[in-house]
Amino acid sequence: MDAPLIGVLAIQGGFEAHARMLRGLGARVREVRVARDLGGLEGFVIPGGESTTISLGIEREGLAEPIRELIARGTPVLGSCAGLIMLDRDHLGVMDIRARRNAFGRQISSFEVDLPVRGIDGGPVRAVFIRAPWIEEHGAEVEILAEVDGHAVAARERHMLAVAFHSELTDDDRLHRLLLGAIEREGARA
């Protein structure tokens, strides 16, 4: 079987770290900057960064509707930090969550924690929170996978996984393995 082709939104933010981690797991990676870059993707990552800048870039390049269509077709997606924000009701509107930006505070309040995440075996994930959001509201179909101080920071809805932290900045590749597993299951279904 060919290595899956994963698109990583490359408008702004930490897309290179995601691409590096995915390549390390044997995936083929395409940086997505314009709508035609979405063609043929088997998975999609929306990285962390600055959500307003990412929103403006998506708008400028006319990417919002093509991304919504890609996700509506069942393409597995991972949203990390600002990526979680982009998936929410107020941005791309594909995941039934509402994020609170910079929920843990400003840059100086950034922190790391070993975080148990439901569905990931092998112990806690090293989670890096940088001006991180949390999930303020969610619908009934959203499964909360992890919390920090009572605030939801990881969730899954159907084929979408959203986390408020950066695992791509550590050596822990289990979230990306989870995405690749979803792609494999989706391929078997097709």
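Source: prediction; values computed, not measured.

Engineer: Tell me what's going on with the pattern of salt bridges, and back it up with residues and numbers.
Structural biologist: Inspection of every chain in the model, using the stated rule, returns 16 salt bridges. Measuring nitrogen to oxygen at the nearest pair gives 3.1 Å for the salt bridge that ties R126 to D114. Taken together, the residues span a long stretch of sequence, with R126 in strand β7 (residues 125-129) and D114 in strand β6 (residues 111-115) at a distance of 12 residues. Residue classification places R126 among the partly exposed residues on the basis of a relative accessible area of 31%. The salt bridge involving D173 is made with R177; its shortest N-O contact spans 3.0 Å. According to the relative accessible area criterion, R177 is partly exposed, its value standing at 48%.

Engineer: Now, about the nonpolar core: what can you tell me, with residues and values included?
Structural biologist: F44, F129 and F165 are the most contacted members of the largest nonpolar core, which totals 65 residues. The element that contributes the greatest number of residues to this core is helix α4 (residues 82-87), accounting for 5 residues. Once residues lying within four places of it in the same chain are set aside, the contact partners of F129 are F104, S110, F111, V113, L115, V148, V153, A164 and F165.

Engineer: Outline unusual backbone geometry, listing residues and values.
Structural biologist: Its identity is not glycine, yet D149 carries a phi of approximately 50°, on the positive side. By secondary structure assignment, the location of D149 is in the loop between β9 (143-148) and β10 (151-157). A relative accessible area of 70% means that D149 is categorised as exposed. Look at R158: it is not a glycine, yet its phi comes out positive at around 50°. Among the structural elements, R158 can be located in the loop between β10 and β11 (160-163).

Here is what the cut-offs are and how they apply
Residues numbered from 1 in each chain as written. Predicted model: local features only at pLDDT ≥ 70, side-chain atom pairs only at ≥ 80, totals over all residues. Heavy atoms only, no water. Salt bridge = Lys/Arg side-chain N within 4 Å of Asp/Glu carboxyl O. Helix = DSSP H or I, 4+ residues; strand = E, 2+ residues; numbered from the N terminus. Buried < 20%, exposed > 50% of the residue type's maximum accessible area, 1.4 Å probe, protein only. Core = buried A, V, L, I, M, F, W, Y, C linked by side-chain atoms within 4.5 Å. Contact = heavy atoms within 4.5 Å.

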